[in-house]
Protein chains: 2
Amino acid sequence: MKVTALLGERFKDAPSDCTIESHKLMVRGGYMKNMASGIYSLFTPAKRISKKIENIIREEMDRIDAQEVMFPVVMPASLWEESGRYTSIGSEMARFTDRGGNRLVLGMTHEEAAVHLARNTASSYTQYPFSIYQIQTKFRDEPRARGGLIRVREFTMKDAYSFHTSQEDLEKTYQRFYDAYVRIYKRCGAKNVIAVKSDSGMMGGSVSHEFMLLTDIGEDTLAICPECGYSANMEVASCDIVNEPGEIEPLEKISTPNVKTIEGLRHTLGVDAKRFAKAVVYQKNSDDSYIIVFVRGDLEVNETKLRNHLGAEVHPAAVITEDSGIVAGYIGPIGLPEGIPVVFDRSLCGIESLVCGANEENFHLKGLNIARDVGEVEYVDVAKVFEGAVCPVCEKRSITIKRGIEVGNIFQLGTKYTKSMNMTYLDRDGEAKNPIMGCYGIGIGRLMASVCEESCDKFGPVWPISIAPWQVEICNLRSTDEGVTKVAEDLYDELTRRGVEVLYDDRDIRPGSMFADADLFGVPVRVVVSPKNCDAGVVEVSTRDKTVKTEYSIGSAADDVSALVKELLSKYEI
Amino acid sequence: MKVTALLGERFKDAPSDCTIESHKLMVRGGYMKNMASGIYSLFTPAKRISKKIENIIREEMDRIDAQEVMFPVVMPASLWEESGRYTSIGSEMARFTDRGGNRLVLGMTHEEAAVHLARNTASSYTQYPFSIYQIQTKFRDEPRARGGLIRVREFTMKDAYSFHTSQEDLEKTYQRFYDAYVRIYKRCGAKNVIAVKSDSGMMGGSVSHEFMLLTDIGEDTLAICPECGYSANMEVASCDIVNEPGEIEPLEKISTPNVKTIEGLRHTLGVDAKRFAKAVVYQKNSDDSYIIVFVRGDLEVNETKLRNHLGAEVHPAAVITEDSGIVAGYIGPIGLPEGIPVVFDRSLCGIESLVCGANEENFHLKGLNIARDVGEVEYVDVAKVFEGAVCPVCEKRSITIKRGIEVGNIFQLGTKYTKSMNMTYLDRDGEAKNPIMGCYGIGIGRLMASVCEESCDKFGPVWPISIAPWQVEICNLRSTDEGVTKVAEDLYDELTRRGVEVLYDDRDIRPGSMFADADLFGVPVRVVVSPKNCDAGVVEVSTRDKTVKTEYSIGSAADDVSALVKELLSKYEI
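Residues numbered from 1 in each chain as written. Chains lettered and ligands numbered in written order. Predicted model: local features only at pLDDT ≥ 70, side-chain atom pairs only at ≥ 80, totals over all residues.

Asks: Help me out: how do you make sense of the overall build of chain A in this one?
Replies: Counting its regular elements, chain A contains 15 helices and 31 strands. When its C-alpha atoms are laid out on the principal axes, chain A stretches across 95 × 65 × 50 Å. Burial status across chain A gives 49% buried among its 574 residues. Long-range contacts, defined as pairs at least 24 residues apart, comprise 72% of the intrachain contacts of chain A with a sequence gap of at least 6. (Helix = DSSP H or I, 4+ residues; strand = E, 2+ residues; numbered from the N terminus. Buried ≥ 20, exposed ≤ 12 C-beta atoms within 10 Å, placed from the backbone. Contact = placed C-beta atoms within 7 Å.)

Asks: What should I look at first to understand the sheet that holds strand β27 (residues 472-476) of chain B in this one?
Replies: Hydrogen bonds between backbone groups are what pair the strands of a sheet, and the pairing can be parallel or antiparallel. Residues and elements named next belong to chain B. Strand order in the open sheet made by the five strands is β28-β27-β29-β30-β31, with mixed pairing throughout. A single partner strand is all that each edge strand has here, and the edge strands are β28 (502-505) and β31 (549-553). When strand polarity is set aside, the average angle formed by the axes of neighbouring strands in this sheet is 25°. Where strand β30 (residues 538-543) and β31 come together, five bridges link them in antiparallel fashion. Looking at the pairing, Ser542 lines up with Lys549 of β31. Most of the contacts of helix α13 (residues 511-521) go to β27, to which it runs at about 170°, and overall it touches β27, β28 and β29 (525-529). (Pairing = 2+ DSSP bridges. Axes fitted to C-alpha atoms, helices over the stretch in contact; angles between N-to-C directions.)

Asks: What exactly am I supposed to notice about α13 of chain B here?
Replies: Helical periodicity: at 3.6 residues per turn, an α-helix aligns residues three or four positions apart in one direction. Residues and elements named next belong to chain B. Inspection of α13 places Met514, Asp517, Ala518, Asp519, Leu520 and Phe521 among the buried residues, and these make up the whole buried set. Next to the buried residues of α13 lie α1 (21-28), α2 (44-63), β26 (460-461), β27, β28 and β29. With its phi angle positive at about 65°, Gly522 sits one or two positions after the end of α13.

Asks: How should the packing of helix α2 (residues 44-63) of chain A against helix α11 (residues 444-454) of chain A be read in this particular structure?
Replies: Think of two packed helices as two axes; the pair is described by the angle between the axes and how far apart they sit. All names here are of chain A. Where α2 meets α11, the closest approach of the two axes is 10 Å, and the angle between their N-to-C directions is 110°. The angle between the axes of α2 and α11 places the two elements in the roughly perpendicular class. Facing Ala46, Ile49, Ser50, Ile53 and Glu54 of α2, the residues of α11 in contact are Ile444, Gly445, Leu447 and Met448. Each residue belonging to the contact of α2 with α11 can be placed in one class, and the counts come to six nonpolar, two polar and one charged. (Parallel < 35°, antiparallel > 145°, perpendicular 65-115°, else oblique. Nonpolar A, V, L, I, M, F, W, Y, C, P; charged D, E, K, R; others polar.)

Asks: Would you explain the relation of the copies chain A and chain B in this entry?
Replies: The relation between the two chain copies is a rotation about an axis coupled with a shift along that axis. The two copies are related by a screw operation: chain A maps onto chain B through 180° of rotation and 0.1 Å of translation along the axis, at an RMSD of 0.1 Å. On the angle and the small slide along the axis, the relation comes out as a two-fold axis. Among all residues of chain A, the one whose C-alpha sits closest to the rotation axis is Phe96 of chain A, at a distance of 2.7 Å. Both copies present the same face, since 100% of the interface residues in chain A are matched by interface residues at the equivalent positions in chain B. (Least-squares fit on C-alpha atoms with pLDDT ≥ 70 in both.)

Asks: Which parts of the structure should I look at to understand the confidence of the model for chain A?
Replies: Detailed reading of predicted coordinates is not advised where the pLDDT is low. Residues at a pLDDT of 70 or more form 99% of chain A, whose mean pLDDT is 94. Quick note on the complex model: pTM equals 0.89, ipTM equals 0.89. (pLDDT = per-residue confidence, 0-100.)

Asks: Please explain the interface of chain A and chain B as it appears in this structure.
Replies: Frequently, the measure chosen for interface size is the accessible area that the parts lose on association. With 45 residues of chain A at the interface, the matching set in chain B holds 46 residues. Residue assignment for the side of chain A that touches chain B shows that the elements contributing at least two residues are β1 (32-36), β2 (39-42), α2, β3 (66-68), β4 (74-76), β5 (95-97), α5 (111-118) and β7 (130-139) of chain A. Partitioned by chemical class, the residues of the side of chain A that touches chain B number 27 nonpolar, eight polar and ten charged.

Asks: How should I be thinking about α2 of chain A in this particular structure?
Replies: Taking 1.5 Å of rise per residue, 20 residues should cover 28 Å, and α2 of chain A covers 28 Å from first to last C-alpha, within 8% of that figure. Of the residues flanking the end of α2 of chain A, it is Asp65 of chain A, one or two places downstream, whose phi is positive at about 65°. (Expected span 1.5 Å × (residues − 1).)

Asks: Would you mind going over unusual backbone geometry with me for this structure?
Replies: Note: most residues except glycine have negative phi, and most peptide bonds are trans. Cis geometry marks the peptide bond from Tyr128 of chain A to Pro129 of chain A; its omega dihedral reads -10°. Position of Pro129 of chain A relative to the elements: it lies in the loop between α5 and β7. The phi angle at Asn362 of chain B is positive, at roughly 70°, despite the residue not being glycine. Tracing the sequence through the fold places Asn362 of chain B in the loop between β18 (354-360) and β19 (363-368). By C-beta crowding, Asn362 of chain B is classed as partly exposed, having 15 other C-beta atoms within 10 Å.

Asks: Teacher, can you tell me more about the sheet that holds strand β6 (residues 103-106) of chain B here?
Replies: All names here are of chain B. Read across the open sheet, the three strands follow the order β4-β6-β5; overall the sheet is antiparallel. Two strands lie at the open edges of the sheet, namely β4 (74-76) and β5 (95-97), each paired on one side alone. The mean inter-strand angle of the sheet, taken between neighbouring strand axes irrespective of direction, is 35°.

Asks: How do you make sense of the environment of Val327 of chain A when you look at a structure like this?
Replies: Looking at where Val327 of chain A falls in the secondary structure, it is placed in the loop between β16 (314-316) and β17 (342-345). When neighbours within four sequence positions are excluded, Val327 of chain A is seen to be in contact with Gly357, Asn359, Glu360 and Glu361 of chain A.

Asks: Honestly, the packing of α2 of chain A against helix α6 (residues 167-187) of chain A in this entry has me stumped. Any pointers?
Replies: Residue and element names in this part refer to chain A. It is at 10 Å that the axes of α2 and α6 come closest, and there the two elements cross at 155°. Accordingly, the angle class assigned to the pair α2 and α6 is roughly antiparallel. In terms of crossing hand, the pair formed by α2 and α6 is right-handed. Along the contact surface, α2 presents Ile56, Ile57, Glu60, Met61 and Arg63, while α6 presents Ala180, Arg183, Ile184 and Arg187. (Left-handed = near helix turned anticlockwise from the far one by under 90°.)

Asks: Would you take a moment to explain the environment of Thr256 of chain B for this structure?
Replies: Residue and element names in this part refer to chain B. Tracing the chain through its elements places Thr256 in the loop between β13 (252-255) and α7 (262-269). The class for Thr256 is buried, based on 22 C-beta atoms found within 10 Å. Here the alpha-carbon distance between Thr256 and Leu365, two residues 109 residues apart in the chain, equals 9.5 Å. Dropping the residues within four chain positions of it, Thr256 is found in contact with Leu265, Thr268, Asn362, Phe363 and His364.

Asks: What am I meant to see in the nonpolar core here?
Replies: The nonpolar side chains of soluble globular proteins are, as a tendency, buried together. One finds Val472 and Val529 of chain A together with Val472 and Val529 of chain B to be the most contacted residues of the largest nonpolar core, which totals 338 residues. Non-local contacts of Val472 of chain B, meaning those with residues more than four positions away in its chain, are made with Leu495, Val500, Val502, Val523, Val525, Val527, Val561 and Val565 of chain B. (Core = buried A, V, L, I, M, F, W, Y, C linked by C-beta atoms within 7 Å.)

Asks: Sorry if this is basic, but what is going on with the environment of Val502 of chain A here?
Replies: All names here are of chain A. Within the fold, Val502 resides in strand β28 (residues 502-505). For Val502, a count of 23 C-beta atoms within 10 Å gives the class buried. With residues near it in sequence (within four places) discarded, Val502 still touches Trp470, Val472, Ile474, Tyr492, Leu495 and Thr496.

Structure below.
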């Protein structure tokens, strides 16, 4: 492809609303154009990268015997009513009515469609297991579209669904997808991707993993143990603590006028925050009834874990009414109004003497010993993990907190969808059973942007050759010179003939501008053809990542460049 | 791929709502599953065919220097308001509101998106011409979804847009697309495709062609001249007639009590229908005002041509009010109420003596000579063409009427979109001008179904090898026999290793069922491995289209089958 024929412009500066590097560079480089919040058109370079990522994914899906199918973008609401998600999913799902008054939705995921396609067809246990996948457009009415292609509303996704007759069989396939995902990231040149345990959220099911590309600009927070490799999304990471018990003391009511915060109490009493039983008040979304969580004074409550423990949606109490009997700022476990559920985080376990509220304006208690003063309580894990917490696997105080972008996820769904949508098969024993499902997703655009975020310098992306829009860029520094142009064009033709993907900058512009654009194109191998080099009988060859800088003689340049491309590609083969 | 692992079932009978062959066979063959009116999921065989068609299209688009890009499915209403189509398109366009209250639409075509992507970028005449295309999902809320994939609401389409600085340049590119389309159909194995002139409809612009696959079940009616190759969609085909003038007669009012139809008049007066000036009454959609069209008694009015002539939407008069002064059944050109526009079709030109209504209950006129009795009138072409009409090109009475499925279209759009959406470039002369556009579409699913409609027998599709889901099917007639299975599996492995696409029927079922399924898969080359053949040291090889039926020795079967596949593929290469 010649640059003169390529639609799109490169810019020196990025718009001010681009806050992260990949977004800036992909706008500056003419990769995409914003049409509405979270909705983009892609120019040719980005489309070419997408196609390469899609092809790598296809090869890896085929390798694990997944079959490519195609589900519709627009689906009838009735299908989503069968699974119950038409009501359980909120305004992220786009809904509309057709000319006949039928309610339709835009697919944001395709579990329902997968069950629709497979049910009635896979009616005998002999037809299991099987995996189907598609690469298709999805729409999710994301309130916080941001970061260019990192968080959008419309996106292309590979989503796969597997069906099984036993949990063991699901686990085998789950592991195959896990391994395929590891290969996909490696082949796409994503360097720092780890799999972390995660919350299943709206997908349902129990076991799930997210594949996280580690980067400071990531939206997700992860707890990682560098000692043993344990990792989990902050949302579900266990918070393990070893407390120093301290001395047993008598329970004593103390006057603390107008001191309502941990900070204030620390100051007034001179006691470490780790010695407080902090109360945090939540309300159930369903009826606004109160729930009180006690957690160690230096820690925070993890709402996802709390929600999972309660099996109900909750939110931090917006207001604490007077008739609730809760004395805000002075809440403690002794003498609370009847009927308010209480949760004790396990960070309080093993501390012999605590400070807490007295449930009375201007008074706290000290010397609280939960076993002695409250009785046997169930300690549950609802605290946010923190840097230096104890690893739940290797038990060292080694937890570090990192940030990551979710570039894929895999879920064990159980029978959530097959049961609600009445998909059955006849088992070996003659009984009708619901198949067990898994589902597996990768967003193409987000992966592209994430690789850019990880592989770039301030001048532009440094695309891995496996997904680069082109493999080689030829820069003709004197397109007005016939001799120079002949060398450049011959090389362009010769490389193209050999199947090398070449971008040829044939414009009559200053070398500085041409190189600035080349940096934004991020093509791995650059060949510079200039009058000076031509006189010396050579072309200048370098790689975008600066690991190669050399000259090839004009006569052998096509051979040598092809060989270099082959060598670079081989690094991404598995 | 092994049939035991393939999701999908084959059926003996088609559902009763399948009225055309391709729909029946593609449902019976497990190609697709209906989810809602005009909305389908595709099983693997159909997805594989789609991908092959898409790849052929990509290659042909690349060959004419079109660049692949990607537009969004969901677009802001504001973009469609710029072009005016947000209001001019009716309920075919799906519309919804996002969580922020913004109005969005689903793309049914992407002229607006193409202009959005290109404007501001292609700002100098030096950057023209260029062509961009995408292959993407579209949604059109079609009221008459029918015929399986022939007329759906959601479909995958290749749509391309070209931009030019002159009409001549557009015409050059238009011709390149035209030629590329011819190659695409040939390479996809569509045999009877012709290009016909067509109405531009909601796309705007003037010159356009539809590519029609000729078949009796086609929804479109075409006028074709077998003598010179002229062809046009019935909607726009000119209706050329050479009238025999007949004798001049005096104008005479005749009593025709209660005779209001041409048929009745023919009977009463014994005059050929060709000697009547038939009146047809229309109303403008905008204000229900009347328009009267006079056409030769044996002909019909073509509403599309009438609409184009008037530049306004019209419909046949639902009711003729008494106060209009129009005397239904007795309408003629002399003595009509003032102010009613009248259109004379050119089928009336050159007839010296006509019968027409007298604009008076129970009376007609005979001997009407329009030039003498009405004066100079403008004759326009608004009649429906008919079998045996005069070809407007070679002037023979050779027009034949055929039916076809539209499998592609190309339009010259002019500046309709670039003007309304304010896309300009700076021309050589320093002036800002609007680029001239062309647009070019092919529906993937419809092309697949059309090829099936054209290439099938009562047992199943006969896929051209260029788009067949697999190139070879191996039928193992005794999968319980180790020796037979070894021959089949070795051949499967050996062919797969050579890059041949093989479907391997490894099921333990009766040969009759296996062959019935094979006919529905429609794979071009069939290899039968049976105990009897194995004993003779051979495999049985035949083609789905019955042109080849032979045996290959087991030892050379991989070579021989590969060679046969290569030979068959070569027929579709250009």
